[in-house]
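A look at the structure
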Amino acid sequence: MSESERQFERLSVFKTYKLYVGGKFPRSESGRVYEVSDSKGRWLANAPQSSRKDARDAVSAARKAFGGWSGATAYNRGQVLYRVAEMLEGRREQFTAEVAASEGISKSKAAAVVSATVDRWVWYAGWTDKIGQVTGGANPVAGPFFNLSTPEPSGVVAVLAPQDSSFLGLVSVVAPVIATGNTAVVIAGESAPLPALSLGEVLATSDVPGGVVNILSGRTAELAAPLASHQDVNGIDLYGADESLAKELEIAAADNLKRVLRPSPVDFSAAPGTDRLTAFLETKTVWHPTGSLGASGSGY
């Protein structure tokens, strides 16, 4: 190697992955990290190993953001989520590389996964102002009343991301939660958290308010336990938990009557339907007098 070549030789700049909490990128308060490897055991990165304190901070951030996010119009939420899809599309190359390394698949297959993931995000963005028409409506009653049912978000939802689908599965469980006005605390897949942590960077540079989505990485069982028992968490999606852990978390969640979505096999490549959109919705029913009704019709 010549002197000029040696002079311009440079070191690789490795990416530092951080948590995404309250619209910011903190390291774990514990200072811990853990090694993330590819399917062949080769080192990829050091991911933050979140603590219970990080989980509590994420819940506080999600609660603080809930009022503004749930109070936004459904149409506005759809616009904001579509912007996220635009940002994902612009970072296809990065996500393709991360998915390929995380899941041990070829670059071409990873590119197809990224395409399906962006399409899935767009699909849920389109549902924000339509789910109310599907799940709500006017109810026939015997009397001079209007009886109207409308869906409302449950609140703060903890989401255990899939362990076997680091990007498409992740978006398939997170997007429906926030599309319907909830805020989320997400535990990334333990062995493949990198696409989830990179998603936080996309959310931060889009129009999604800080705290609407909070992303933690680390040991799933360690983080899920305090979230399942947390009194300010209103729902929990147990998809990323194994059978024994899911049972423990479901028992803990019963303490404040959380909505619980139990884990079941899902083909994330198939059409998702509306089940996850409705899983964390409450129904508000309003009675309103119609006025006096007689032979001449309404009194209005």
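Read on for an overview of the structure. (Residues numbered from 1 in each chain as written. Predicted model: local features only at pLDDT ≥ 70, side-chain atom pairs only at ≥ 80, totals over all residues. Heavy atoms only, no water.)

1. With respect to the overall build of the protein
The secondary structure content of the protein amounts to 11 helices and 12 strands. In terms of its C-alpha atoms, the protein occupies a principal-axis envelope of roughly 100 × 40 × 35 Å. Buried residues in the protein amount to 45% of all 300 residues. In the protein, once contacts between residues fewer than 6 apart in sequence are set aside, the share between residues at least 24 apart is 74%. Of the roughly 14,600 Å² that the protein leaves accessible, carbon and sulfur atoms contribute 53%. (Helix = DSSP H or I, 4+ residues; strand = E, 2+ residues; numbered from the N terminus. Buried < 20%, exposed > 50% of the residue type's maximum accessible area, 1.4 Å probe, protein only. Contact = heavy atoms within 4.5 Å. Areas by Shrake-Rupley, 256 points an atom, 1.4 Å probe, with all protein chains shown as cover.)

2. Overview of the sheet that holds strand β9 (residues 259-261)
As summarised here, the arrangement of the five strands in space is β7-β6-β5-β8-β9, forming an open sheet in which the pairing is parallel. Looking at the sheet topology across the chains shown, the edges are occupied by β7 (213-216) and β9. Taken over all neighbouring pairs, the strand axes of this sheet differ in orientation by 15° on average, direction set aside. Strand direction decides the pairing type here: strand β8 (residues 235-237) and β9, joined by three bridges, are parallel. For Asp 237, the partnering residue across the bridge sits in β9 and is Leu 261. (Pairing = 2+ DSSP bridges. Axes fitted to C-alpha atoms, helices over the stretch in contact; angles between N-to-C directions.)

3. Considerations on the packing of aromatic side chains
A complete count under the given rule lists six aromatic pairs for this structure. A network of ring pairs unites the aromatic residues Trp 123, Tyr 124 and Trp 127 as a single cluster. The ring of Tyr 34 carries Arg 219 above its face, with NZ or CZ at 4.5 Å from the centroid. (Phe/Tyr/Trp six-rings, centres within 6.5 Å; stacked < 30°, edge-to-face > 60°. Lys NZ or Arg CZ within 6 Å of the ring centre and 35° of its normal.)

4. Some points on the sheet that holds strand β3 (residues 137-138)
One open sheet accounts for three strands, arranged β3-β4-β10; its pairing is antiparallel. Among the strands making up the open sheet, the edge pair consists of β3 and β10 (281-289). Judged from the nine bridges that link them, strand β4 (residues 145-153) and β10 form a sheet pairing that is antiparallel. The residue of β10 that forms the bridge with Leu 148 is Val 286.

5. Notes on the side chain of Asp 54
Its location among the elements puts Asp 54 in helix α2 (residues 52-71). One buried charged residue, Asp 54, remains without a salt bridge, the closest side chain of opposite sign being Arg 32 at 6.3 Å. (Lys, Arg positive; Asp, Glu negative; His and termini not counted. Salt bridge = Lys/Arg side-chain N within 4 Å of Asp/Glu carboxyl O.)

6. Here we look at the pattern of salt bridges
In total, this model carries 14 salt bridges according to the counting rule given. Between Lys 284 and Glu 152 there is a salt bridge, with the nearest N and O atoms lying 3.0 Å from each other. Here Lys 284 is found in strand β10, whereas its partner Glu 152 is found in strand β4, with 132 residues between them in sequence. Looking at Lys 284, the relative accessible area reads 38%, which means it is partly exposed. In the salt-bridge network here, residues are joined through shared partners; they are Lys 15, Arg 91 and Glu 201.

7. Focus: α2
Between its terminal C-alpha atoms α2 stretches 29 Å, which fits the 28 Å expected from 20 residues at 1.5 Å a residue. Of all the bends in α2, the greatest measures close to 40° and is centred on Ala 65. (Expected span 1.5 Å × (residues − 1). Bend = angle between axes of the 7 residues up to and from the residue.)

8. Side note on the side chain of Ser 206
Relative to the helices and strands, Ser 206 resides in the loop between α8 (194-204) and β7. A polar contact of 2.9 Å, which involves the side chain of Ser 206, links it to the backbone oxygen of Leu 203. Apart from the residues lying within four places of it in its own chain, the contact partners of Ser 206 are Arg 83, Val 84 and Met 87. (Polar contact = N/O pair within 3.5 Å; in protein donor to acceptor, adjacent residues only side chain to side chain.)

9. A look at the pairing of strand β2 (residues 43-48)
For strand β1 (residues 33-37) and β2, the ladder comprises five bridges, and the chain directions are antiparallel. Across the sheet, Tyr 34 pairs through a bridge with Ala 47, a residue of β2. Once β1 ends, the chain turns through five residues before running back antiparallel as β2, passing Gly 41 with a positive phi of about 85°.

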